[in-house]
Structures are given as C-alpha cells and as structure tokens.
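# Understanding the architecture of this molecule
Residue strings, one per chain:
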Amino acid sequence: MMMMSCSSSTTFDHEAYEAKIFRLLQMRDQMLRQHHRNHDNTNKGLLGNNNTNNGLPLIHLLLSTATAVDGNNFAAALNNLTDLYQSVSLTGDSVERVVAYFSDGLTARLLTRNSPFYDMIMEEPTSEEEFRAFTDLYRVSPYFQFAHFTANQAILEAFEREEDRNNRSIHVIDFDVSYGFQWPSLIQSLSEKATSTSRIFLRVTGFGKNLKELQETESRLVSFSKGFSNLVFEFQGLLRGSRVINLRKKKNETVAVNLVSYLNTLSCFTKISDTLGFVHSLSPSIVVLVEQEGSRTPTRTFLSRFTDSLHYFAAMFDSLDDCLPLESAERLRIEKKLLGKEIKNMLNNYENNNIGDCAKYERMEAWKARMENHGFVGNKISSKAMIQAKLLLKMRTHYCPMQFEEEDDSDGGGGGGGFRVSERDEGRAVSLGWQNRFLLTVSAWQPLSLI
C-alpha cells in the first residue's frame with residue numbers, strides 16, 4: 001500500500017507494516033467519530049499570546065512526522081501519525097484541528113495514490129458542499145470580503161479616473177470568478193454613480209472551473225443587477241484555459257484585470273509568467289492582485305513548504321475561533337470542505353512537491369518583483385480603501401481586539417491579537433493579518449507603458 005525504499009540489509013516485514021497501517025487507520029476513524037471534547041480555551045493556538053504552550057508538543061510531533069515522511073522513514077512516520085490521531089480532534093482547539101488535517105495530508109502522502117485508502121482520506125467535497133462552505137466563510141470572516149471590497153475600490157477609482165473618455169463603460173476580466181461573490185458590491189457602487197439618463201455599462205468576463213459554476217454565477221449576477229435600472233450588466237463566462245478573444249467590446253472602455261487568489265493556483269512559474277504577459281498585452285487600466293501571504297524561504301523543499309503552510313493555516317484556524325463558536329457546524333464545514341481540502345491537496349501535489357516550483361505562501365516582496373519584472377508598476381492604495389477595510393473589520397471582529405498598523409515588516413507582520421489591517425510598501429499594498437501573521441495582501445498595478 002505504500003511506496004517504500006529499504007536498504008539491502010533491512011528485512012522488510014510486510015505483515016508488521018500492514019498491521020501498523022491498519023492500526024493507523026483505526027485511530028483515524030476513532031478520531032473522526034469522537035464527539036466534542038471539553039477544552040479550557042486557554043490555548044489560543046500556535047500563534048496565541050498566552051504562555052500555556054499546550055499545542056507545542058503536537059506541533060513538534062507533527063514536524064517530526066513531516067521530517068520522517070520526507071526522509072522515507074516510514075516506520076517512524078506511521079508511529080507518529082498513530083500517536084497524532086489519538087491526540088487531535090476536528091472539534092478541538094485550533095491547534096488540534098489544524099494538526100488533524102495536516103496528519104491526513106501526511107497519511108495520504110505515505111499511502112500514495114495506489115492505495116485503496118488514499119481516496120478515502122483525500123475525499124473531495126461535492127460542488128454543493130464546497131459552495132456552502134465558501135458561503136459560510138464569506139459570511140462570517142473578513143477574509144474574502146477584505147480582498148473583494150479593497151479590490152473593487154481600486155477598480156472603481158480606475159473607472160473614475162477615465163470617466164471623461166471611457167464612454168461610461170468598464171470591462172472587468174476576472175481570472176477566477178469563484179461564484180461571482182465579488183461583483184455585487186461593484187455593481188452597487190457603480191449604480192450610485194449612474195442616473196437614468198446616464199447609465200453605466202459593466203461587463204464581466206469571468207473564468208471558471210466548470211460550465212455549471214459559470215451558469216450559476218451568471219444567473220446570480222444577472223438577477224442581482226436587475227435591481228439597478230441605471231446600470232447595464234453583461235456577463236461572459238469562459239472555462240479556464242479557453243482561448244480568449246474579443247475582450248475589448250466597447251471603444252475606450254476602462255479595462256480592469258482581477259487576479260484574486262488566482263496566480264498561486266497555477267502549477268509552475270512559467271504559467272504565471274505567461275499569464276502576466278497576456279495580461280500586459282491587454283493594456284489594462286488597472287490590475288488588482290490578491291495573494292495569500294507567507295514567509296517562503298528561497299529553498300523550496302518539502303519541509304520548508306510544509307512549515308510555511310502550517311503557520312499560514314494555523315493562523316486561519318485560529319482566526320475562525322474569533323468568528324464562530326467552537327461547537328459551530330459552520331466552522332467544521334469551512335475547515336473540512338475548504339481549508340482541510342487545500343491542506344491535503346497541497347501536501348499531495350506530486351508535480352510540485354518534486355520540483356518545488358510553486359507560488360503558494362510567498363511574501364509580498366516576491367509578488368512585487370514578479371509584477372515589476374513583467375512591466376507593471378504599483379499604484380498607491382487610496383485612503384478611502386483603507387478606511388473601508390477598517391470599517392469592515394469593525395463589523396466582522398467579534399471576540400478579539402483588532403489593530404490598524406502602519407508598515408512594519410521587521411517581524412513579518414507585527415504583534416498583537418485579533419484581525420488587523422496593515423499598510424505596506426509605502427502605501428502600495430494593504431494586508432489583512434491575524435495576530436503576527438499576514439493572511440492576504442492586496443495590491444494594484446498598471447502597465448509601465450501607460451504611465
């Protein structure tokens with residue numbers, strides 16, 4: 001069931017390994033079945049500010065397991081994973097929960113795709129389950145709303161700068177339309193600038209994963225836009241990878257390219273470079289880039305990527321405790337159908353694990369250099385966008401204090417508790433963070449040739 005390499009001096013006991021695998025899967029099944037355990041809530045997670053350090057032994061054991069997996073030490077990895085499954089819970093504190101999903105990812109990596117149990121551990125949510133989890137996260141956390149509202153403000157300002165020559169037309173090219181949740185707020189903002197005698201034309205070209213998702217997105221957005229008679233809305237859905245033609249429909253329209261959490265989904269840097277080259281060829285008035293923020297080291301080994309992603313998701317899981325109670329069914333759905341899926345897929349993306357050619361969880365500076373190398377220059381994020389981001393956090397922050405900070409990269413994001421928003425790169429980027437970890441960074445760009 002596992003791919004393993006043994007030295008010639010080692011006698012490999014298949015029965016013993018099968019027994020360990022059976023025991024491991026038993027412990028996993030037990031973990032999935034157990035009910036919520038009482039926790040004293042003193043452990044605020046891997047990034048918490050208290051001194052209890054209740055989660056550190058679990059983190060140390062998980063990192064030791066990842067090292068064993070990376071070094072093909074299967075006996076140690078199996079033993080460690082069996083111990084981990086006896087110590088974690090999907091309904092426990094944030095450390096237990098995040099370690100549980102990383103343990104699943106390592107278990108699947110050990111079993112490999114040839115195992116009959118691999119698909120059980122890597123079970124994909126249905127499209128309906130994933131949509132519901134996405135909706136839950138959108139509703140309860142500032143995570144996606146921060147990205148969308150800040151991006152939309154930059155797009156709206158680009159439209160306003162060109163009102164004297166764009167024929168009141170704007171064309172948004174969204175490389176990952178993701179159910180279309182971003183665009184109702186832009187529709188509403190544009191309608192406030194329009195009148196019955198001076199309508200605004202908004203066209204969204206959205207790329208999606210499949211035809212069903214695109215059709216549902218179009219239906220949702222068209223239905224919403226009908227409530228604004230002074231705005232003409234058009235949606236064109238394209239499958240990812242489709243050949244793009246006829247993107248400029250109206251003369252002198254403002255063209256905005258939306259790259260919200262898209263580039264890091266591409267499998268290699270070559271594809272990122274090709275995409276940015278194509279975007280540059282469109283001569284857009286603005287390009288909005290939103291990416292997950294990490295602390296990626298220059299060495300792209302499995303262990304460095306594992307550690308960076310562990311810190312990132314530890315912050316995400318910890319932040320959900322500020323948004324939802326521990327026993328919440330919505331929190332479990334978000335973590336199982338969205339975050340847990342991403343963790344397991346990240347650990348089992350064999351194409352990228354071998355060559356390390358992956359753009360996930362990189363620092364803002366890496367994306368800045370990439371954009372500049374492709375002929376783009378950064379725009380300042382407006383004070384209005386910052387005010388809007390701060391207001392959003394006031395509405396969305398529940399139990400922990402929030403922070404608003406000036407640029408400070410000395411410790412990778414500053415300290416403190418709760419959600420926070422930070423101005424960075426001399427005002428050309430703004431980040432959403434949780435405690436001392438940046439989660440998302442928004443920046444706006446335009447081709448240098450248009451300056």
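Below: a short report on this structure. Bear in mind the structure is a predicted one, so any value in this text is a computation, not a measurement.

### Points about the overall build of the protein
Along the backbone of the protein there are 15 helices and 10 strands. Sorting the 451 residues of the protein into buried and exposed places 54% on the buried side. Restricting the contact set of the protein to residue pairs at least 6 apart, pairs at least 24 apart contribute 75%. Surface summary for the protein: the accessible area is close to 19,600 Å², and the carbon and sulfur share equals 50%.

### Observations regarding the pairing of strand S4 (residues 254–260)
In terms of burial, S4 is a largely internal element, seven of the seven residues being buried. Judged by which residues are buried, S4 turns out to be covered on both faces: Thr254, Ala256, Asn258 and Val260 on one side and Val255, Val257 and Leu259 on the other are all buried. Here S4 pairs with strand S5 (residues 286–292) via five bridges, running parallel. Residue pairing for S5: Val260 is matched across the bridge by Val290.

### Structural notes on the side chain of Gln182
Tracing the backbone through its elements, the reader meets Gln182 in the loop between strand S1 (169–174) and helix H8 (183–193). The buried category is assigned to Gln182, whose relative accessible area is 3%. When near neighbours in sequence (up to four residues on either side) are disregarded, Gln182 contacts Tyr138, His148, Ala151, Asn152, Asn258 and Val260.

### A closer look at helix H14 (residues 364–373)
Those residues of H14 that fall on the buried side of the exposure criterion are Met364, Trp367, Arg370 and Met371. The arc that holds every buried residue of H14, seen down its axis, measures 125°, which confines them to one face. Looking at the buried positions of H14, the neighbouring elements they touch are helix H10 (269–281), S5, strand S6 (376–379), strand S8 (419–424), strand S9 (429–434) and strand S10 (437–447). Just downstream of H14, Gly375 is the residue with a positive phi angle, here 90°.

### Topic: the environment of Glu342
Tracing the backbone shows Glu342 in helix H12 (residues 329–347). Assessed through its relative accessible area of 24%, Glu342 is described here as partly exposed. Between the C-alpha atoms of Glu342 and Phe313, which are 29 residues apart in sequence, the distance is 9.7 Å.

### Description of unusual backbone geometry
Although it is not a glycine, Tyr179 adopts a positive phi angle of roughly 70°. Along the chain, Tyr179 falls in the loop between S1 and H8. Of note in the backbone geometry, Asp425 takes a positive phi value of approximately 50° without being a glycine. Positionally, Asp425 belongs in the loop between S8 and S9. The class of Asp425 is buried, set by a relative accessible area of 11%.

### Regarding the packing of helix H2 (residues 56–70) against helix H11 (residues 302–323)
Close contact between H2 and H11 brings their axes to 10 Å; oriented N to C, the two are set at 155°. Considering the angle they form, H2 stands roughly antiparallel to H11. The handedness of the crossing between H2 and H11 comes out as right-handed. In contact with Ile59, Leu62, Leu63, Ala66, Thr67 and Asp70 of H2, H11 contributes Phe302, Leu303, Phe306, Thr307 and Leu310. Looking at the contact of H2 with H11, its residues break down into eight nonpolar, two polar and one charged.

Parameters at a glance
- For every chain, the first residue of the written sequence is number 1, and numbering continues from 1 onward in sequence order.
- Local features in this predicted model are restricted to residues whose pLDDT is 70 or higher, and side-chain atom pairs enter the listing and the counts only when it is 80 or higher, whereas totals over whole chains, interfaces and linings include all residues.
- Just so you know, side-chain values use all the structure's heavy atoms and leave hydrogens and water out.
- Where helices and strands are cited, they refer to DSSP runs of H or I of at least four residues and of E of at least two residues respectively, numbered from the N terminus.
- Three labels apply to residues, based on accessible area from a 1.4 Å probe with only protein chains included: buried if under 20% of the type maximum, exposed if over 50%, partly exposed otherwise in between.
- The contact definition used throughout considers only heavy atoms, calling two residues in contact when any of these lie within 4.5 Å.
- Here the Shrake-Rupley method, with its probe set to 1.4 Å, supplies the accessible areas, and only the displayed protein chains count as covering residues.
- Only strands that DSSP links by at least two bridges are regarded as paired with each other.
- By definition, the arc is the one covered by directions from the helix axis to the C-beta atoms.
- Angular values range over 0 to 180 degrees, each being the angle between N-to-C directions of two axes fitted as lines to C-alpha atoms, with helices fitted over their stretch in contact.
- An angle below 35 degrees is treated as roughly parallel, one above 145 as roughly antiparallel, one from 65 to 115 as roughly perpendicular, and anything else as oblique.
- Each helix crossing is assigned a hand: it is left-handed if the near helix lies turned anticlockwise from the far helix by less than a right angle, otherwise right-handed if that turn is clockwise.
- Think of it as three bins: nonpolar holds Ala, Val, Leu, Ile, Met, Phe, Trp, Tyr, Cys and Pro, charged holds Asp, Glu, Lys and Arg, and polar takes everything else, Gly as well.

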